[in-house]
Amino acid sequence: MKRNCIILLLTAIALFSCSKDAPVATVFSGDSVLPVLNTDILTVRLSEEAAQSMSSGLPDELARIGVVEATPVFLVGGKFESRQRASGLHKWYSLRFEGKAPDFALTRAGALPSIVEFWEKPVARKMEGGAFNDPMLADQWHLAEGGTVRRAWEEFNAGDGNVTVAVIDGGIDLLHPDLAKAVLAPGEKGSRCFIEGMSPDTITPVGHGTHVAGIIGAVNNNGEGVCGIAGGDDGEGGVRLMSCQVFLPDDDTTKAYGNTAAAIQWAADNGAVIANNSWSYDFDSEEEAARGWVTEADKAAIDYFIQYAGCDNEGNQLPDSPMKGGLVVFAAGNNGWAYSWPGGYEPVFAVGSVNKDNVRAKYSNYGSWVDICAPGGEMEGGEKYGILSTYYDEKKGHCYAYSDGSSMSAPNVSGVAALIISQYGGEGFTADSLKSLLIKGADAISVSPEQKIGPLVSAYGSLASGVEYDLRIYPNPVSDILVIRPKKDCRMDIEIYTSAGSLVFSKSVNASKNSPARLDVSACIPGVYNLVVRMDGEVYKNSFVKK
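From a predicted model like this one, the values you see are computed outputs, not experimental measurements.

1. Things to note about the sheet that holds strand β12 (residues 327-331)
Pairing is parallel in the open sheet, where seven strands are placed in the order β8-β9-β7-β10-β12-β13-β14. The open sheet terminates on both sides in strands that have one partner only, identified here as β8 (192-193) and β14 (372-375). Two strands pair when backbone bridges link them, and β8 and strand β9 (residues 240-247) are joined in this way by two bridges, in the parallel orientation. Bridge pairing in β9 links R192 to C244.

Structure, rendered in structure tokens:
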């Protein structure tokens, strides 16, 4: 469990500002421990009434304090508008001031308009990669022969195109020969740029984002370069990659980052069920990180993705989605510290790094908040100890390179998660099921608990531990219709017994992962029933409760 930051709350309370006439906004000071940017922008949450009136123009209350432009933080509208509004996303705005944005915690109490419920300054972010080296082809030690990923490919699967992973990062090289068949084109339900002033339909290739994407889903068996963990097995690609661009090329410092919150929301609304984030907030010291937190806008986006990815407006799983709810993966960070954000936020899946010897990398952040670890490499002994993946270089174009960092560890976990969904995903499979399998199948021996980065991710271990998903029954308890879903096409002989052993139902049906059996049990009286299913020479036993 990630730590409960009571001290942070007390620190924030000390920075609140209120009008003497009426209670007003909760505010975080521009001098807070978060790595805030000295900018003309503030992020605010408006009152419901003020948000509704924004379509009529900038409110006088904002104009009086120097606001010259208000831009929605999130993309509100379309078929998911009702849930977006229920989550309060329509109330978030980015305010641009004429000159430096004021710090309301340091101004007179009445300076903050009552229509503002919450405000915070933008936070500096950084990609969590290490140094890249000249491109070359070599063995990918994290995909070694006989290793956990290779065994998963041989006995389970290598990635399915029904699974989409959003890469919240620098732009993916859409034309890279090892990625072109896997990455989604810009447009509706596709890739998108979230950097101010740039076209949303133009993805600028960046080395870091391209490297991260390749670890997850570089196309396998195509005679090109490297393999991706979930890159399929037929040369046509496995899982689909959605490039959500929030960083420009590595050497471009004119714009620090794009709208990470909107990128995460876009991914949830357009088919992604995994959001990979190989970035973190850019603190100056471990002491500052210890007192940090997640910005409210990022928190709202993360919570939204976890709740609504793969779902309709009511939170029910969409018929074409492989999972109900989403998994948000974050790199733990590369400072060697005991703290990092947003990785320290409880609901996210934080990933630490190990080197080739399964020892915590010197750079990896650590602590009880880190959920799992994965290969991130450590190139002090040479580039071959880093992670080899696809890359984009502004001079060389499409290429390959080594890198190390928790940026590489996070996509290792996202890739394994994609394999699990490819195998067991479908109606009734949830994000909680995915997290359970990731932890249940992880290697808790190779990486000792003393390293404080969680167990080592294991593709084979997690897939093998999912035997209960060979046959799923749901809902449980059930009212009228009991659903039984096998992992593949088969003939099932189904029997239902009372708790006393009396046979009350018997039927043989053909079913599959995408077309499960649906049994009408409305005639059964409330109580506990035992289920026996025979398929492919195996006998599965379970029980369910009839309401």
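2. With respect to the pairing of strand β4 (residues 92-97)
In terms of burial, β4 is largely enclosed, as five of its six residues are buried. The pairing of strand β2 (residues 41-46) with β4 spans five bridges and is classified as antiparallel. Residue pairing in the sheet places T43 in a bridge with S94 of β4. Sheet topology places strand β3 (residues 67-72) next to β4; five bridges connect them, and they run antiparallel. Within the sheet, the bridge partner assigned to P72 lies in β4 and is Y93.

3. Here's the deal with the packing of aromatic side chains
Using the criterion set out here, one finds seven aromatic pairs in the structure. Taking the centre distance of 5.2 Å and the plane angle of 50 degrees together, the rings of Y304 and Y308 count as tilted. Of this pair, Y304 and Y308 both sit in helix α9 (residues 296-308), four residues apart, which is roughly one turn of that helix. Y308 shares its class with Y304; the two are buried.

4. So, the pairing of strand β16 (residues 397-403)
The buried count for β16 comes to six of seven residues, which makes it a mostly enclosed element. Hairpin connection between strand β15 (residues 387-393) and β16: a loop of three residues separates the two successive antiparallel strands.

5. Side note on the confidence of the model for the protein
Of the residues in the protein, 89% have a pLDDT of 70 or more, and the chain-wide mean is 87. Note that residues 3-31 has pLDDT below 50 and, in this model, 52 contacts with residues that lie over four places away or in other chains. Low pLDDT, under 50, characterises residues 131-138; the predicted model gives this stretch 31 contacts beyond four residues in sequence or across chains.

6. Side note on the pattern of salt bridges
This model, assessed by the stated rule, comprises 14 salt bridges. In this structure, K181 engages E236 in a salt bridge whose closest nitrogen and oxygen atoms are separated by 3.1 Å. Within this pair, whereas K181 is found in the loop between β7 (164-170) and β8, its partner E236 is found in the loop between α6 (207-217) and β9, the two being separated by 55 residues in sequence. In this structure, R534 and E495 form a salt bridge, with 3.3 Å as the shortest nitrogen-oxygen distance. With a gap of 39 residues between them, R534 in strand β22 (residues 527-535) and E495 in strand β19 (residues 490-498) connect regions that are remote in the sequence. Since its relative accessible area comes to 37%, R534 is described here as partly exposed. Classification of E495 by relative accessible area gives buried; the value is 18%. Here the residues in one salt-bridge network are D40, E69, R96 and E196, joined through shared partners.

7. Re the nonpolar core
One finds L241, I420, F429, L434 and L438 to be the most contacted residues of the largest nonpolar core, which totals 58 residues. Of the residues forming this core, the biggest block, 10 residues, is contributed by helix α10 (residues 406-424). Other than its neighbours up to four places away in sequence, I420 contacts G425, F429, L434, L437, L438, S462 and L463. In this structure, V123, L184, F247 and A297 belong to the second largest nonpolar core, which totals 44 residues.

Analysis parameters
- Residues numbered from 1 in each chain as written.
- Predicted model: local features only at pLDDT ≥ 70, side-chain atom pairs only at ≥ 80, totals over all residues.
- Heavy atoms only, no water.
- Pairing = 2+ DSSP bridges.
- Helix = DSSP H or I, 4+ residues; strand = E, 2+ residues; numbered from the N terminus.
- Buried < 20%, exposed > 50% of the residue type's maximum accessible area, 1.4 Å probe, protein only.
- Phe/Tyr/Trp six-rings, centres within 6.5 Å; stacked < 30°, edge-to-face > 60°.
- pLDDT = per-residue confidence, 0-100.
- Contact = heavy atoms within 4.5 Å.
- Salt bridge = Lys/Arg side-chain N within 4 Å of Asp/Glu carboxyl O.
- Core = buried A, V, L, I, M, F, W, Y, C linked by side-chain atoms within 4.5 Å.

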